[in-house]
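# Report on the structure
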Amino acid sequence: MEFRPFSVRLTTRFRGLTERSGVLIRGVGPDGADAWGEFSPFADYGPEQRGRWWAAAMEAAHGLLPAPLQSDVECAAIIPELDPVPAAALASAYGCRTAKVKVGGPRGRDPDPAATLRADCARVEAVAAALGSGGHIRVDVNGAWPLSAAVASIAALESAARAGGIDGIEYVEQPCASIGDLAALRRRVDVRIAADESIRLTGDVDAVVRAEAADILVLKPSPLGGARAVVEMVERYGLPVVVSSAMESSVGLATALAAALALSEQPFAHGLGTGTLLATDTVAHTLAPVAGRLAPIPLRVTA
Ligand SMILES: [Mg+2]
């Protein structure tokens, strides 16, 4: 095996980062051809999460990604916490029918939640207007809302989407941090609730499903131990799944895409549009959606 450290730049700040780094691993697949995996856990990930990411990298570097059932999948644009004008421009440039808009303010304690919600509403309205009436908007809160604020925040974002010409929010991803709060909120609102961090940080889908805390599972192959692990989770739980990337370079993105391709068609667009946010990459041609769909391409590694 060969290990190649890499660092890639992002076009815009994401999760507080402007750069992603990690290691590419070149191995040999069962057919004797080169196979590549990516190990790029976030700095705040602990040993367990790093271990799962390593397993995902090894699966890909041994050429053991699951066989596809589909040739391409629909995927969503991802809109970081930008001002309305650049947010709308990015949504238009993506060419996807669905956009996931980041909301909820800075990670940790938000100094001014009311100002954050106003900015979130302006961003959602602008993106809705850019997508047009056939579009779908989902929001990702990254667990930032206290349960006490979540119902009103959802109502405000739904009106913002309507003001932009889209009727409602497709789903709200990880509105609150704890599984208990997700479950309590889900009983109080009509909008669908999706779980991301509640699954990703522990690898424990059971706890989310048992608590009836989510209508949709967001499953990220890199931090969850690989594409096959995700396919097994989907088979076990039977809830709609949005397979998502974790701001990897295109090599890691290919692992996430392999998981989505190995599933039957899902009701919601997958969250695999992060390639568009890469200013530099580990391959010659970045794996990014074209006209809202993502299909595999040969990985010509340049890192
Ligand atoms: Mg998320």
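Residues numbered from 1 in each chain as written. Predicted model: local features only at pLDDT ≥ 70, side-chain atom pairs only at ≥ 80, totals over all residues. Heavy atoms only, no water.

Further remarks concern the domain arrangement of the protein chain. Parsing the protein chain into structural domains produces domain 1 (2-61) and domain 2 (73-294). Measuring from the centre of the C-alpha atoms in domain 1 to the corresponding centre in domain 2 gives 21 Å. Contact with domain 1, which involves 27 residues of that partner, is made by 31 residues of domain 2. Between domain 1 and domain 2, roughly 2,300 Å² of surface is buried when both sides are summed, and carbon and sulfur atoms account for 59% of that area. The largest share of the area that domain 1 buries against domain 2 comes from Phe-14, Arg-52 and Glu-59, three residues that together contribute 26% of it. On inspection of domain 1 and its partner domain 2, the count reaches 13 residue pairs in polar contact (both at pLDDT 80 or more). (Domains from an automatic or database assignment. Contact = heavy atoms within 4.5 Å. Buried area = accessible area lost by both parts, 1.4 Å probe. Polar contact = N/O pair within 3.5 Å; in protein donor to acceptor, adjacent residues only side chain to side chain.)

Surrounding the magnesium ion are the protein donor atoms Asp-140 (OD), Glu-173 (OE) and Asp-196 (OD), at 2.0 to 2.4 Å. Within one chain, the residues serving as donors to the magnesium ion are arranged as D-x32-E-x22-D. Here the residue Asp-140 occupies a position in strand S7 (residues 136-140), and Asp-196 occupies one in the loop between strand S9 (192-195) and helix H6 (197-200), the gap between them amounting to 56 residues. Judged on exposure class, the residue Asp-140 and its partner Asp-196 are both buried. (Donors = N, O, S within 2.8 Å, 3.2 Å for Na, K, Ca; no water. Helix = DSSP H or I, 4+ residues; strand = E, 2+ residues; numbered from the N terminus. Buried < 20%, exposed > 50% of the residue type's maximum accessible area, 1.4 Å probe, protein only.)

Here the structure, examined in full by the defined rule, presents one cavity of 30 Å³ or more. What the largest cavity holds in volume is close to 220 Å³. In this structure, the largest cavity is lined by 26 residues; those nearest its centre are Phe-14, Ile-78, Lys-100, Lys-220 and Ser-245. Looking at the lining of the largest cavity, its residues break down into 10 nonpolar, six polar and 10 charged. Counting the residues that make up the lining of the largest cavity, at least three belong to each of domain 1 (2-61) and domain 2 (73-294). (1 Å grid on protein atoms, 1.4 Å probe; cavity = no way out; pocket = protein on both sides within 12 Å on 5 of 7 lines; lining within 4 Å. Points joined across faces, edges and corners; volume = space filled by probe spheres on them. Nonpolar A, V, L, I, M, F, W, Y, C, P; charged D, E, K, R; others polar.)

Further remarks concern the layout of surface pockets. Of the pockets and cavities examined, the largest pocket occupies roughly 530 Å³. Lining the largest pocket are 24 residues, and of these Ala-60, Leu-65, Ala-254, Ala-258 and Leu-299 sit closest to its centre. Put simply, the parts of the chain that give the lining of the largest pocket at least two residues each are strand S3 (34-39) and helix H9 (250-261). Looking at the lining of the largest pocket, the element that brings in the most residues is H9, giving six residues. Classifying every residue of the lining of the largest pocket gives 19 nonpolar, three polar and two charged. Taken domain by domain, the lining of the largest pocket gets at least three of its residues from each of domain 1 (2-61) and domain 2 (73-294).

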